[in-house]
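As a plain string of letters, each chain reads:
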Amino acid sequence: MKTCKCQGPCCCRPCICCPPCPPPPSPPTPSPSPPCNPLPYRTFLSVVYDPNGGAGGFTDTNIPIFSLYQIKTPAQAGISRTGYTFTAWNTQPDGSGDAYTPGQRVWLASVLILYAQWAPEPPGSPPPGINAAHGGDAMVSGTGNRGCTVIVTFPYGAQLMAVVKKGGSWSIALPEGLTLMEGQTISAVQICSGMTESPPAVTTVLPHPGYTVSGLVSPVAFDCLGLGPDFLRLFDVIVELRETFRTPAPPALHTVAVPADGVGLGAFTIPNVPEGEYVLYIKRPGYLTRSMNVTVSAAAAAPGTLTVFLTPPGPADHGVFNLWAGDVNNNLFIDNSDFLAIMEAFGARYPNPPYAPNLDLNADGMIDNDDLALATANVNLGATDYPGAEDVDIYV
Ligand SMILES: [Ca+2]
Ligand SMILES: [Ca+2]
């Protein structure tokens, strides 16, 4: 059987030896256009984070299609906006699209453009004022806006709050058991209605201002020549203030050498004395030590100046609170042991031994009858015999 070959693209014309050409294929019927979405043909997607008025922005790329994707936070996307608070992500800038929340997981099937949604922040409260605080204070106070709340953070973290009063002030008693000390810090914030918390106001605790204890020490009167009282110059009179209720006894809180001013009174000033119970000592070598109990309290007033007149000024008062000469061995009593010590150094002159300042009761550089006369005048007296030995309670 003869076969026939069709030559070339024969199917366009009849060929005797060929069977009729098949009809040309009909053009393919176009299928309905798919949604204009090229994504099914892509392998990787991206998520765009738009600050939408804020600062920053981020595009997350190379995300496999149909993978589970976690929406980022504004911080992760590096987006912020001053004066606004982030509320959500949205596929439309005006928030009319689909909303997404940070941390939400989605199956990603298409490019996602997320616009940050913002809400304006309420205005911030003004910071409060804190008055100067001192060591030992029982209260902390300050200023603020009437009706606002002030929250104070004390040393060691305790927090207490107060409402600002009508006059624009606030005050808070210290937490129980807390004692303010120099160098500690106190901070306070203020919160007013409809406003956010203020920035903190901070203050550093100052030293306790204390009190000034001052006074006058009388010169020592004697009459060793029988011609009326002379007055001993005030050399080396020491004033000490010691806390009473401390065991063991602390060193003197303050020691003041009273300046010599001829025959006048010796003035002393002890600054920065905190409230408390004290014993005030007045000492001079060879003389009976004098002591007084002193209470310093701020119950009635702000810290100020406390004046202790150990000897009220004026000639009529001289001698009332004098130091008594003769206790050369400083055992708080004038007796034979003191006379014996003076006699053993009798005739000695400064600075040659056995001269000693505690034996030279009139400070004339010589151990002689004047010193014996001074001791004799006070023999058998003890420190508790001072007329001013009673307690002195002083409230300022
Ligand atoms: Ca003595
Ligand atoms: Ca003398």
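For the structure given in this document, a descriptive report is provided here. (Residues numbered from 1 in each chain as written. Chains lettered and ligands numbered in written order. Predicted model: local features only at pLDDT ≥ 70, side-chain atom pairs only at ≥ 80, totals over all residues. Heavy atoms only, no water.)

Focus on the pattern of salt bridges
Taken as a whole, this structure holds three salt bridges when the rule is applied. In this structure, Asp-60 engages Lys-72 in a salt bridge whose closest nitrogen and oxygen atoms are separated by 3.7 Å. Taken as a pair, Asp-60 in strand β2 (residues 58-64) and Lys-72 in the loop between β3 (68-70) and β4 (84-90) lie far apart in primary sequence, twelve residues in all. The salt bridge partner of Arg-242 is Glu-240, with a shortest N-O separation of 3.2 Å. The class of Arg-242 is partly exposed, set by a relative accessible area of 23%. With a relative accessible area of 10%, Glu-240 lands in the buried category. (Salt bridge = Lys/Arg side-chain N within 4 Å of Asp/Glu carboxyl O. Helix = DSSP H or I, 4+ residues; strand = E, 2+ residues; numbered from the N terminus. Buried < 20%, exposed > 50% of the residue type's maximum accessible area, 1.4 Å probe, protein only.)

Some thoughts on the coordination of the calcium ion (ligand 2)
Donor atoms from the polypeptide that coordinate the calcium ion (ligand 2) comprise Asp-360 (OD), Asn-362 (OD1), Asp-364 (OD), Met-366 (O), Asp-371 (OD) and Asp-371 (OD), at 2.2 to 2.5 Å from the metal. We note that the donor set of the calcium ion (ligand 2) lies within a single chain, spaced as D-x1-N-x1-D-x1-M-x4-D. (Donors = N, O, S within 2.8 Å, 3.2 Å for Na, K, Ca; no water.)

Quick look at the packing of helix α1 (residues 336-344) against helix α2 (residues 369-377)
Each pair of packed helices gets described by two things: the angle between the helix axes and the distance between those axes. Following both chains from N to C, one finds α1 and α2 inclined at 180°, their axes separated by 10 Å at the closest point. Relative to α2, the element α1 lies roughly antiparallel. Judged by residue contacts, Phe-339, Ile-342 and Met-343 of α1 engage Asp-371, Leu-372, Ala-375 and Thr-376 from α2. Here the contact of α1 with α2 is composed, by residue class, of five nonpolar, one polar and one charged. (Axes fitted to C-alpha atoms, helices over the stretch in contact; angles between N-to-C directions. Parallel < 35°, antiparallel > 145°, perpendicular 65-115°, else oblique. Contact = heavy atoms within 4.5 Å. Nonpolar A, V, L, I, M, F, W, Y, C, P; charged D, E, K, R; others polar.)

Thoughts on the coordination of the calcium ion (ligand 1)
Only Asp-327 (OD), Asn-329 (OD1), Asn-331 (OD1), Phe-333 (O), Asp-338 (OD) and Asp-338 (OD) from the protein coordinate the calcium ion (ligand 1), and they sit 2.2 to 2.5 Å from it. What the six donor atoms of the calcium ion (ligand 1) show is an angle range of 52 to 162° at the metal, which sorts the shape as irregular. Sequence positions of the residues that donate to the calcium ion (ligand 1) give the spacing D-x1-N-x1-N-x1-F-x4-D. Relative accessible area serves as the criterion here: at 36%, Asn-329 is assigned to the partly exposed category. With a relative accessible area of 0%, Asp-338 lands in the buried category. (Tetrahedral: all angles 85-135°; square planar, octahedral: opposite > 155°, others 65-115°.)

Quick notes on the sheet that holds strand β9 (residues 139-143)
Strand order in the open sheet formed by three strands is β8-β9-β12, with antiparallel pairing between adjacent strands. Strands with a single pairing partner mark the edges of an open sheet, and in this sheet they are β8 (129-130) and β12 (169-173). (Pairing = 2+ DSSP bridges.)

Considering the sheet that holds strand β10 (residues 149-153)
Spatially, the four strands line up as an open sheet ordered β11-β10-β13-β14, and their pairing is antiparallel. Each having just a single partner strand, β11 (159-163) and β14 (201-204) make up the two edges of the open sheet. Here the strands of the sheet are splayed against their neighbours by 20° on average, with no regard to which way each runs. Two strands pair when backbone bridges link them, and β10 and strand β13 (residues 185-191) are joined in this way by five bridges, in the antiparallel orientation. The residue of β13 that forms the bridge with Thr-149 is Ile-191.

Quick word on α1
For α1, the full list of buried residues reads Asp-338, Phe-339 and Ile-342. The buried residues of α1 occupy one face: seen down the axis, they fall within an arc of 100°. Seen from the buried face of α1, the exposed residues on the opposite side, beyond 90 degrees, are Asn-336, Leu-340 and Glu-344. Residues of α1 that are buried make contact with β25 (325-327) and α2. (Arc of directions from axis to C-beta.)

So yeah, pure geometry; function would need other evidence.
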